[in-house]
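# Structure at a glance
Here is what each chain is made of, one letter per residue.
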Amino acid sequence: MCKKTLGEGEIMRLAVYSDIHNNDLKYPEQKPDFVLLLGDIHWRDVKKINEHFTKNYDRKIPCIGVIGNHDVLDTFKNTTVIDIHKRVIEIEGVKFGGFGGCLRYNNKQNSGQYEEWEAQKFIKGMEKTDIFLAHSNPAYERSENMDSTHRGFASFKQLLDYGKTSYFFHGHIHENYEHVYKEVKIFSTYGLKEYEIS
């Protein structure tokens, strides 16, 4: 991983939020290097998170996010959160990629629901990233018995199979766990979790 902000052997601290659903908002004990928002966070909470990390430290902490299936498309409006949906960007020497929402399960408009082909198109042309953000989980053995809303994108499994990222962060299924698939470390996040990666 290319890290302009970290020296050899140092760690990167991440504060990761997902599926807050109007629960009590918490903040990390230690200052993170980056804040990741993985969706299903009410826009009012997004604004509070954004303000906290841009005003309470000696520098503005970059906030990077994707929306969830319960969010509206302009959830990050009037904030400095970087919407990384269907994008790859480099921030402070770290390459981030992302794809928000989940597989479409109804006809609701202005929401984070997408067809498999949309994810497939992005993943196929995506360059390798250090960190990938998603709301939905990948469709692989851990999710094969879940309902269609939570089974995940098959395209994300291809991302893992081809090693297009080193770290994959997702929410959506309301579980906290860490798992290694091939050489990719996967973090499922519910609420606020603090991570250290190297």
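Look a little higher up for the structure.
First things first, this report covers the structure right here in the doc. Note that the structure is predicted; figures quoted are calculated from it, not measured.

## Some words on the sheet that holds strand β12 (residues 184-188)
Taken together, 6 strands build an open sheet; the order of strands is β5-β6-β9-β10-β12-β11 and the sheet is mixed. Both edges of this open sheet fall to β5 (87-91) and β11 (177-181), since each of them pairs with a single strand only. Across the sheet, the axes of successive neighbouring strands diverge by a mean angle of 20°, strand direction being ignored. Here strand β10 (residues 167-170) runs beside β12; their pairing, made up of 4 bridges, is parallel. By the bridge assignment for β12, Tyr 167 is matched with Lys 185.

## A short note on helix α1 (residues 43-55)
When the terminal C-alpha atoms of α1 are compared, their 18 Å separation across 13 residues agrees well with the 18 Å that a helix rising 1.5 Å per residue should span. Close packing links the buried residues of α1 with β1 (12-18), β2 (34-37) and β3 (63-65).

## A few points about the packing of helix α2 (residues 116-125) against helix α3 (residues 154-161)
Closest axis-to-axis distance for the α2/α3 pair is 8 Å, and the angle between their directions is 20°. Relative to α3, α2 is oriented roughly parallel. Contact with α2, carried on its side by Glu 116, Ala 119, Gln 120 and Ile 123, involves Ala 154, Ser 155, Phe 156, Gln 158 and Leu 159 of α3 and no other residues of that element. By residue class, the composition of the contact of α2 with α3 is 5 nonpolar, 3 polar and 1 charged.

## Observations regarding the pattern of salt bridges
As enumerated under the stated definition, the model contains 8 salt bridges in all. Between Lys 31 and Asp 58 there is a salt bridge, with the nearest N and O atoms lying 3.0 Å from each other. In this pair, Lys 31 sits in the loop between β1 and β2 while Asp 58 sits in the loop between α1 and β3, placing the two residues 27 residues apart along the sequence. On the basis of relative accessible area, Asp 58 is assigned to the exposed category, the value being 67%. Lys 185 serves as the salt-bridge partner of Glu 178, at 3.7 Å between the closest nitrogen and oxygen. Residue classification places Glu 178 among the partly exposed residues on the basis of a relative accessible area of 48%. Classification of Lys 185 by relative accessible area gives partly exposed; the value is 32%.

## Points about the sheet that holds strand β4 (residues 82-83)
Taking strand neighbours across the sheet as the criterion, the 5 strands line up as β4-β3-β2-β1-β13 in an open arrangement whose pairing is mixed. Single-partner strands in this sheet number two, and they are β4 and β13 (191-197). Of the pairings in the sheet, the one linking β1 to β2 comprises 4 bridges and is parallel in character. Its bridge partner being in β2, Ala 15 is matched across the sheet by Val 35.

## Details of the packing of aromatic side chains
A complete count under the given rule lists 16 aromatic pairs for this structure. Centroid distance Phe 99 to Tyr 114: 5.4 Å. Interplanar angle 70°. Geometry classified as edge-to-face. Within this pair, whereas Phe 99 is found in strand β6 (residues 94-99), its partner Tyr 114 is found in strand β8 (residues 113-114), the two being separated by 15 residues in sequence. The two residues Phe 99 and Tyr 114 agree in class, both being buried. Taking the centre distance of 6.2 Å and the plane angle of 25° together, the rings of Tyr 167 and Phe 187 count as stacked. Of the two residues, Tyr 167 sits in strand β10 while Phe 187 sits in strand β12, which places them 20 residues apart along the sequence. Just as Tyr 167 is buried, Phe 187 falls in that class too.

## Focus on the pairing of β1
Of all 7 residues in β1, 6 are buried, a share of seventy percent or more. Pairing between β1 and β13: 7 bridges, direction antiparallel. Within the sheet, the bridge partner assigned to Leu 14 lies in β13 and is Tyr 195.

Here is what the cut-offs are and how they apply
Residues numbered from 1 in each chain as written. Predicted model: local features only at pLDDT ≥ 70, side-chain atom pairs only at ≥ 80, totals over all residues. Heavy atoms only, no water. Pairing = 2+ DSSP bridges. Helix = DSSP H or I, 4+ residues; strand = E, 2+ residues; numbered from the N terminus. Axes fitted to C-alpha atoms, helices over the stretch in contact; angles between N-to-C directions. Expected span 1.5 Å × (residues − 1). Contact = heavy atoms within 4.5 Å. Parallel < 35°, antiparallel > 145°, perpendicular 65-115°, else oblique. Nonpolar A, V, L, I, M, F, W, Y, C, P; charged D, E, K, R; others polar. Salt bridge = Lys/Arg side-chain N within 4 Å of Asp/Glu carboxyl O. Buried < 20%, exposed > 50% of the residue type's maximum accessible area, 1.4 Å probe, protein only. Phe/Tyr/Trp six-rings, centres within 6.5 Å; stacked < 30°, edge-to-face > 60°.

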